[in-house]
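A closer look at the structure
Residue-level listing of the chains:
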Amino acid sequence: MTVKRTIAFQGEPGAFSHEACRAFFPDHEPVAFADFEAALEAVKSRACALGLIPVENSTAGRVSEVHHLLPESGLKIIGERFKPIHFQLMAAPGTKIGDVRVVTSMPIALGQCRKLIRRLKARAEAAGDTAGAAKGLADRPDPARAALAPALAAELYGLTILARDVEDETHNTTRFLVMTGDPAPPAPPADAACVTAFVFRVRNLPAALYKALGGFATNGVNMTKLESYMENGAFTATFFYAEVDGRPEDPALARAFEELGFFSDHFEVLGVFAADPFRRKG
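Criteria and thresholds
- Per chain, residues are indexed from 1 in the order of the written sequence.
- The predicted origin of the model limits local features to residues at a pLDDT of at least 70 and limits the giving and counting of side-chain atom pairs to 80 or more, whereas totals for whole chains, interfaces and linings rest on all residues.
- To obtain the side-chain values, all non-hydrogen atoms of the structure were used and water was disregarded.
- Helix numbering and strand numbering both begin at the N terminus, where a helix is a DSSP run of H or I of at least 4 residues and a strand a DSSP run of E of at least 2.
- Buried means the residue's accessible area, taken with a 1.4 Å probe over protein chains only, is under 20% of the maximum for its type, while exposed means over 50%, and partly exposed covers the values in between.
- Pairs of residues are marked as contacts when any of their non-hydrogen atoms sit within 4.5 Å.
- Using the Shrake-Rupley algorithm and a 1.4 Å probe, accessible areas are obtained, with residue cover drawn only from the displayed protein chains.
- Only four residue types enter the tally: Lys and Arg on the positive side, Asp and Glu on the negative side; His and the chain ends are excluded.
- Where a charge lies is defined by one atom per residue type: Lys uses NZ, Arg uses CZ, Asp uses CG and Glu uses CD.
- Following DSSP output, two strands are said to pair if at least two bridges run between them.

1. Comments concerning the overall build of the protein chain
Scanning the protein chain from N- to C-terminus turns up nine helices and 15 strands. Principal-axis analysis of the C-alpha atoms gives the protein chain an extent of 65 × 50 × 35 Å. Each of the 282 residues in the protein chain was classed as buried or not, and the buried ones make up 46%. Taking the contacts inside the protein chain whose residues are at least 6 apart along the sequence as the reference set, 74% of them involve residues at least 24 apart. In the structure as shown, the protein chain presents an accessible area of about 13800 Å², 54% of it carried by carbon and sulfur atoms. Across the protein chain, the 31 positively charged side chains and the 34 negatively charged ones have centroids separated by 5 Å.

Written as structure tokens, this is what we have:
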């Protein structure tokens, strides 16, 4: 019998990250961790071969905790995956949708399914996460209660789906990064359009950020993401997470990185990976 390699995710079994692991890495066994730090540490220690970590959602925005953890994790980004997010209204077997008076899930999920909750004239009740809400309902069945969670949660916890794909917005999508503990992972295929992810900290000088980014403009490098966060609560030392099209060895990007180095006191490439085809759908 072939033993599957493992892939770490954050959340309860049945979470959207669990669904993503099964969809994108069917040859890996998903392993759940309570928090992002533990999931990343499992990849770093090689307890898990890979990690699949959400970094942003088209409706809810970025997962800020992850951006703080990535530079410290010692891991490399080797891929990205985009997953459309669909919420299912589920309840204990025998429950009728007209009897539902309380809908429970994590606050973001409740906010993304307001129309359904209003139509049911139900009360929204916050839970720690989507799959956890489903598990709690399975543990304590109540014909007046339902949960909003991924379809996988209904499968794992023996719940009945009362209404499918109940999210208000059809474009709801989460972007995941694929992480490895390999310090020098194989490069993407030569013909692949690539993304380079990196972090940097500008020197505490006037116009340092403007000058640091000037090389990307003058060399025609497309920057697709730039996000800031403070390190250790210091207002004068702002870190930036960025993504650009291309590979570090491309002449234009190499020149841009050289100019960035003049105005930064920290710079680190976190990964070079093939751009997911989903990017072109926008």
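2. Considerations on the pairing of strand E6 (residues 88-91)
By the alternation rule, side chains of E6 split into Gln88 and Met90 and Leu89 and Ala91, which are all buried. Where E6 and strand E10 (residues 160-163) come together, three bridges link them in antiparallel fashion. Bridge assignment links Met90 to a residue of E10, and that residue is Ile161.

3. Observations concerning the side chain of Gln112
Looking at the element boundaries, Gln112 is found in the loop between helix H4 (107-111) and helix H5 (114-120). Under the relative-accessibility criterion, Gln112 is labelled buried at 8%. Residues contacting Gln112, with those up to four places away along its chain left out, are Asn57, Thr59, Ala60, Phe87, Glu167, Asp168 and Asn172.

4. Structural notes on unusual backbone geometry
At Lys121, a residue that is not glycine, the phi angle is positive and equals roughly 55 degrees. You can see Lys121 is positioned in the loop between H5 and strand E8 (123-126). Within the chain, Asp165 stands out as a residue other than glycine whose phi angle is a positive 50 degrees. Relative to the elements of secondary structure, Asp165 occurs in the loop between E10 and strand E11 (173-180). Judged by relative accessible area, Asp165 falls into the partly exposed class, the value being 43%.

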